[in-house]
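# A structural walkthrough
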Amino acid sequence: MDIDTLRKFCHTLPAVTEDIKWDHDLCFSVGGKMFCVIGLEPPSRMSFKVPDEEFEELSTRDGFIPAPYMARAKWVSSEHPGRLKKKDSEQFIARSYELVKSKLTKKVRRELGLD
């Protein structure tokens, strides 16, 4: 999935914001909490949160690694996001979005129109 396709998909999800962090990472957030990050400079890795019970299996799958600095929060990185099928990328991102959204306070979810 390329950056433009990723951006379009992420903005189909409610209350998503984007910004650049660390000078070269495009970050997508909901309620101020990141759910997807992709590097703007090669090599472009895409990172996202996964369910706790899937972290070990996915982070050792070919093409994936535990996300640097974020593995403790159960994030993985796709080393070659362009090789992932669009449908698979969208599923990973949508699930990450839901995981992060579910941890927002009721007040924040209500303010964002997510409840």
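See the structure printed just above.
Read on for an overview of the structure. All of these numbers come straight from a predicted model, not from anything done at the bench. (Residues numbered from 1 in each chain as written. Predicted model: local features only at pLDDT ≥ 70, side-chain atom pairs only at ≥ 80, totals over all residues. Heavy atoms only, no water.)

## Topic: the packing of aromatic side chains
Applying the stated criterion across every chain yields a total of three aromatic pairs. Consider the rings of Phe35 and Tyr97, whose centres lie 5.3 Å apart with planes at 80°: the pair is edge-to-face. Highlighted residues: Phe35 in strand β3 (residues 33–39) and Tyr97 in helix α3 (residues 86–102), separated in sequence by 62 residues. Overall, the relative accessible area of 0% leaves Phe35 in the buried class. With a relative accessible area of 1%, Tyr97 lands in the buried category. (Phe/Tyr/Trp six-rings, centres within 6.5 Å; stacked < 30°, edge-to-face > 60°. Helix = DSSP H or I, 4+ residues; strand = E, 2+ residues; numbered from the N terminus. Buried < 20%, exposed > 50% of the residue type's maximum accessible area, 1.4 Å probe, protein only.)

## Concerning the pairing of strand β1 (residues 16–21)
In the sheet, β1 pairs with strand β2 (residues 25–30) via six bridges, with the strands oriented antiparallel. Bridge pairing in β2 places Asp19 opposite Cys27. Connecting β1 to the antiparallel partner β2 that follows it, the hairpin turn spans three residues, and Trp22 within it adopts a positive phi of roughly 55°. (Pairing = 2+ DSSP bridges.)

## Notes on the side chain of Ser29
Inspection of the secondary structure puts Ser29 in strand β2. For Ser29, a relative accessible area of 5% corresponds to the buried category. Contact partners of Ser29, with chain neighbours within four places excluded, come to Ala15, Val16, Thr17, Met34 and Phe35. (Contact = heavy atoms within 4.5 Å.)

## A look at the sheet that holds β1
Think of a sheet as strands paired side by side through backbone hydrogen bonds, with each pair either parallel or antiparallel. Pairing is antiparallel in the open sheet, where six strands are placed in the order β1-β2-β3-β4-β6-β5. Looking at the sheet topology across the chains shown, the edges are occupied by β1 and β5 (64–66). Shown here is a sheet whose adjacent strand axes are inclined to one another by a mean of 25°, direction ignored. Here α3 sits on the sheet in contact with β1, β2, β3, β4 (46–49) and β5, set at roughly 45° to β4. (Axes fitted to C-alpha atoms, helices over the stretch in contact; angles between N-to-C directions.)

## Points about the nonpolar core
Counting 26 residues, the largest nonpolar core has Leu6, Phe28, Phe35, Met46, Phe48 and Ile93 as its most contacted members. Take this core: its biggest share by element is four residues, from α3. Within the second largest apolar cluster, five residues are counted, among which are Cys27, Met34, Val37 and Ala67. (Core = buried A, V, L, I, M, F, W, Y, C linked by side-chain atoms within 4.5 Å.)

## Observations concerning the pattern of salt bridges
This structure, assessed with the given rule, holds eight salt bridges. Here Arg45 ties to Glu79 by a salt bridge, and the two come within 3.7 Å at their closest N and O atoms. Placement of Arg45 in the loop between β3 and β4 and of Glu79 in the loop between β6 (75–78) and α3 is noted, with a sequence separation of 34 residues between them. Residue Glu79 is classed as partly exposed on the basis of its relative accessible area of 25%. Notably, a salt bridge pairs Arg109 with Asp115, separated by 3.3 Å at the nearest N-O pair. Take Arg109: its relative accessible area is 15%, and that puts it in the buried class. The class for Asp115 is exposed, based on a relative accessible area of 62%. (Salt bridge = Lys/Arg side-chain N within 4 Å of Asp/Glu carboxyl O.)

Honestly, it's all geometry; don't read function into it.
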